[in-house]
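Each chain is listed here by its residues.
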Amino acid sequence: MNEAVPAPLPDPVRDPWRGPMRAALAEAVRAPDTGDVPVGAVVLGPDGSVIGRGRNEREATGDPTGHAEVLAIRDAARAVGEWRLTGCTLVVTLEPCTMCAGAIVLSRLDRVVYGAVDEKAGAAGSLWDVVRDRRLNHRPEVVQGVLAEECSALLTDFFRTR
C-alpha cells in the first residue's frame, strides 16, 4: 500500500529565513572553486535586503580571518558606512566559530541565523555559546537549523571528496 507522506508543518521560527538561507547557500557553493570549505553568509539590513555577502576565502587569500561571516560583516559595514550593524541579521550556512561569534557580538548584529550545527567548533549553541554569553554587553537572537539538511549535505559532499 502506498501511503502519502504528510507535508511538513509550518515552522514560524525558521520558515521566514529559508529565502535568505538560499542566498547564503548560493555563496557557499562558490567557495570550493578556490579550495575553500563551502560556507556562505549574507547580512540582511533592517528592511530585509541583502547588504553584505561572503563565502570562505581562507585558501584563496591565505587570510586566516577569511571566514564567510567576517567577510559578509565587513561588506555590510561598508554598505551602511559604520561598524554598528544594529537592526541587521547574519544568515550563515554553518554555525559560527568563536572568532565569527566574537565578530557578531562586536558588530552589534541583532540576530544570527544558521543552518548546519558545528559540533566541533560551533560557538552559537553547540560547543560554546559565545553569542548569548550573559557576561557580554550584546547578545543577538539565535535561530538555528534553517535548511540544516541542505547546509550539512554541502559540507559532507565537500569533505567526502577530500
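Just above, that's the structure.
## Thoughts on unusual backbone geometry
Residues other than glycine predominantly adopt negative phi, and peptide bonds predominantly adopt the trans conformation.
Part 1 of the argument: Non-glycine residue Arg 108 carries a positive phi angle of around 65 degrees.
Part 2 of the argument: Tracing the backbone shows Arg 108 in the loop between α4 (98-106) and β4 (111-116).
Part 3 of the argument: Here Leu 147, not a glycine, exhibits a phi torsion of approximately 50 degrees, which is positive.
Part 4 of the argument: For Leu 147, the position within the fold is in the loop between β5 (141-144) and α5 (148-160).

## What to know about the nonpolar core
Part 1 of the argument: Core analysis: the biggest nonpolar cluster contains 40 residues, and Met 21, Val 43, Leu 90, Val 91 and Leu 109 have the highest contact counts within it.
Part 2 of the argument: Breaking this core down by element, the ones donating at least two residues are α1 (18-28), β1 (40-44), α3 (68-80), β3 (89-94), α4, β4, β5 and α5.
Part 3 of the argument: Ignoring anything within four residues of it in the chain, the contact list for Met 21 reads Val 91, Val 92, Thr 93, Val 113, Tyr 114, Gly 115, Val 146, Leu 147 and Cys 151.

## What about the side chain of Glu 27?
Part 1 of the argument: In this fold, Glu 27 is placed in helix α1.
Part 2 of the argument: In this structure, Glu 27 is in contact with Gly 40, Ala 41, Arg 53, Gly 54 and Arg 55, ignoring residues within four places of it in sequence.

## Focus on α3
Part 1 of the argument: The first and last C-alpha atoms of α3 sit 18 Å apart over 13 residues, in line with the 18 Å expected at 1.5 Å per residue.
Part 2 of the argument: Looking only at α3, the buried set comprises Ala 68, Glu 69, Val 70, Leu 71, Ala 72, Ile 73, Ala 76 and Ala 77.
Part 3 of the argument: Here the buried face of α3 lies against β1, β2 (50-55), β3 and α4.
Part 4 of the argument: Positive backbone phi, approximately 85 degrees, marks Gly 81, located one or two places after α3.

## Observations concerning the packing of α3 against α4
Part 1 of the argument: α4 packs onto α3 with a crossing angle of 25 degrees between their chain directions and a minimal axis gap of 9 Å. Looking at the two axes, α3 sits roughly parallel to α4. Every pair of crossing elements has a handedness; the one defined by α3 and α4 is left-handed. Residues Glu 69, Val 70 and Ile 73 of α3 form the contact with α4, whose participating residues are Met 99, Cys 100, Ala 103 and Ile 104.
Part 2 of the argument: Tallied by class, residues from the contact of α3 with α4 come to six nonpolar, no polar and one charged.

So, how was this worked out
- Note that residues are indexed from 1 along each chain, following the sequence as it is written.
- Per-residue local features of the predicted model are confined to residues with pLDDT of at least 70, and side-chain atom pairs are confined, for both listing and counting, to 80 or more; whole-chain, interface and lining totals are unaffected and use all residues.
- The basis for every side-chain value is the complete set of heavy atoms in the structure, and neither hydrogens nor water enter the calculation.
- Strands are runs of DSSP state E lasting at least 2 residues, helices are runs of H or I lasting at least 4, and numbering of each runs from the N terminus.
- Joining through side-chain atoms within 4.5 Å is the link that ties buried Ala, Val, Leu, Ile, Met, Phe, Trp, Tyr and Cys residues into a set, and such a set is a nonpolar core.
- Relative accessibility decides the category of a residue: with a 1.4 Å probe and only protein chains considered, values under 20% of the type maximum give buried, values over 50% give exposed, and everything between is partly exposed.
- Note on definitions: a residue-residue contact is assigned when non-hydrogen atoms from the two residues lie within 4.5 Å.
- Multiplying one less than the number of residues by 1.5 Å gives the expected span of a helix.
- Lines fitted to C-alpha atoms define the axes here, with helix axes fitted over just the stretch in contact, and angles between the N-to-C directions of these axes take values from 0 to 180 degrees.
- Roughly parallel means an angle under 35 degrees; roughly antiparallel means over 145; roughly perpendicular covers 65 to 115; every other angle is labelled oblique.
- By definition, turning the near helix anticlockwise from the far helix through less than a right angle yields a left-handed crossing, and turning it clockwise yields a right-handed one.
- Classification convention: Asp, Glu, Lys, Arg as charged; Ala, Val, Leu, Ile, Met, Phe, Trp, Tyr, Cys, Pro as nonpolar; all other residues, Gly among them, as polar.

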